[in-house]
Amino acid sequence: MIVQLSHPTRQVEIKGPKRTKELLRELNLVVEAHLVIRGDELVTEDEMLADADRIEIRPVISGGARANSEL
Amino acid sequence: MNCTKCPTSTKAVIGLPRHNAAFCKGCFTTFVHEQVARAVKSHKMFTPEDRILVAVSGGKDSLALWHILLKLGYRADALYVNLGIGGYSEESHRKVRLYADTVAAAHGATLLVHVVEQEAGAGIRELATVLHRPTCSTCGTIKRYQFNRAAVEHDYDVMATGHNLDDEAARLLGNVLHWQEEYLDKQGPALPASVEGFAKKVKPLCRLSEREIAAYAVLNRIDYIVEECPMAKGSKMLLYKEVLNRLETESPGTKQRFYWGFLDKQAKSESAPESMAAKDQRTLHPCPSCGQPTTADTCSYCKMMAKAKTAAH
């Protein structure tokens, strides 16, 4: 399957079939910090992903403000 | 994985280990709306009659917040501050404008825009260089100032920001690690308008994790900027979030126990918001240059702008 990643933007090919959580583990990514999108639908960690799927792994963390910032 | 709320067990789109639940799209949207409604009610953030100004950046949190408030029937306009960070600002500005025109306008909501370059004569990157200050701190000062000024000048009752549970837990961790107790007082999800010239500030997303908000944005087709601000690279907040997410993975619910536990302790101690308001009234006075409240002779924004203009000539 083709997997689209961000930060930096890149594509990798991973052999399927594979569960979402196994894919994240293989790429050393934490579930809590990412969403997995197949086509344009969100999938859960137990979802089975096939070789023909196009997957986006989208990071969800943002923020550069100081810890003590008021805003 | 099936939805734990639907009687017919529809297929879930997201699992929420900290709630020991999984939701389909409809139930997840309801869950997010309920969490915001609970935050608004329990922290007395605003009422349906209040006019709200949402601080939007083009990112998932602020656009999702604007979306949720409009869906819940609140009167919410937004302000976008264009920081002049090249392509990044252009793209985020475009996303905000698109949302305002295609979704918010139908709810009768409007978008205000402030362009830093028009007032300061330079973008945030150049300003930070001239001022010899970290970019994130320069950005914070400018955004705080502009949002507060716009809220006061346009008579909004309250200013809302898209800070989420992860932001607040990471900030709490940073303040505790450095024992910055003076900042802990101001870490509540609702800061009162303590003196004339200060808008009330609220964080209605404080019960929702960053992942939950991103999922809400994806499921509701909100087109936000996924790319991280290029200035934020290597920031301590990102490190604290990474550490907290590792803990969360091992022990679901850690982030909310940490932050909500702090809020519980704060609520039980001497009514903190009131003492904060009293302290503000004692220490703040209008800036002689712009009239906004400050503890110094001249406010940090006016000092910064004067320094930038001197350096430019």
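Rules and cut-offs
- Residue numbering note: each chain is counted from 1, following its sequence as written.
- Ligands are numbered from 1 and chains lettered from A, in the order in which they are written.
- Since the coordinates come from a predicted model, pLDDT governs what is reported: local features require at least 70, and pairs of side-chain atoms require 80 or more to be given and counted, while whole-chain, interface and lining totals use all residues.
- Hydrogens are left out, water is left out, and the side-chain values use all remaining heavy atoms of the structure.
- Under the scheme used here, helices are H or I runs from DSSP no shorter than 4 residues and strands are E runs no shorter than 2 residues, and both carry numbers assigned from the N terminus.
- Per-residue accessibility, obtained with a 1.4 Å probe over protein chains only, is compared with the maximum for each type, and a residue is labelled buried under 20%, exposed over 50%, and partly exposed between these values.
- We call two residues contacting when some pair of their heavy atoms lies within 4.5 Å.
- Computed with the Shrake-Rupley method and a 1.4 Å probe, the accessible areas treat only the protein chains shown as cover for residues.
- Any helix carries an expected span of 1.5 Å times its number of residues minus one.
- Side-chain atoms within 4.5 Å are what join buried Ala, Val, Leu, Ile, Met, Phe, Trp, Tyr and Cys residues into a set we call a nonpolar core.
- Patch building starts from residues that exceed 30% relative accessible area and form no salt bridge, then joins like charges within 9 Å and nonpolar side chains (Val, Leu, Ile, Met, Phe, Trp, Tyr) within 5 Å.
- Each reported salt bridge corresponds to a side-chain nitrogen of Lys or Arg within 4 Å of a carboxyl oxygen of Asp or Glu.

Trainee: Explain the overall build of chain A here, please?
Mentor: On a plain count of helices and strands, chain A comes out with 1 helix and 7 strands. Ordered by position from the N terminus, the helices and strands of chain A form the series β-β-β-α-β-β-β-β. Within chain A, the fraction of its 71 residues that count as buried is 49%. Long-range contacts, defined here as pairs at least 24 residues apart, represent 50% of the contacts in chain A between residues at least 6 apart. In the structure as shown, chain A presents an accessible area of about 3500 Å², 48% of it carried by carbon and sulfur atoms.

Trainee: Can you walk me through helix 11 (residues 254-268) of chain B in this structure?
Mentor: One turn of the α-helix equals 3.6 residues, which is why residues spaced by three or four share an orientation. Along its 15 residues, helix 11 of chain B runs 21 Å from first to last C-alpha, staying within 8% of the 21 Å computed at 1.5 Å per residue. Within the span of helix 11 of chain B, buried status applies to B:Thr254, B:Lys255, B:Gln256, B:Tyr259, B:Phe262, B:Leu263 and B:Gln266.

Trainee: Quick question: what am I supposed to make of the nonpolar core here?
Mentor: Generally speaking, soluble globular proteins have nonpolar side chains that are buried together. Residues and elements named next belong to chain B. Ranked by internal contacts, the top residues of the largest apolar core, which has 71 residues, are Phe28, Phe46, Ile52, Val54, Val56, Trp66 and Leu69. With near-sequence residues (within four places) excluded, Val54 lies in contact with Ser62, Leu65, Trp66, Leu69, Ala76, Asp77, Ala78, Leu79 and Ala160. Counting residues in each nonpolar core, the second largest holds 33 residues, with Val116, Ile124, Cys139 and Cys229 among its members.

Trainee: How should I be thinking about a nonpolar patch on the surface in this particular structure?
Mentor: Residues and elements named next belong to chain B. There is a patch of nonpolar side chains on the surface, built from Leu239, Val243 and Leu247 and spanning about 240 Å² of accessible area. Mapped onto the elements of the fold, Val243 is located in helix 10 (residues 236-250). The class of Val243 is partly exposed, set by a relative accessible area of 39%.

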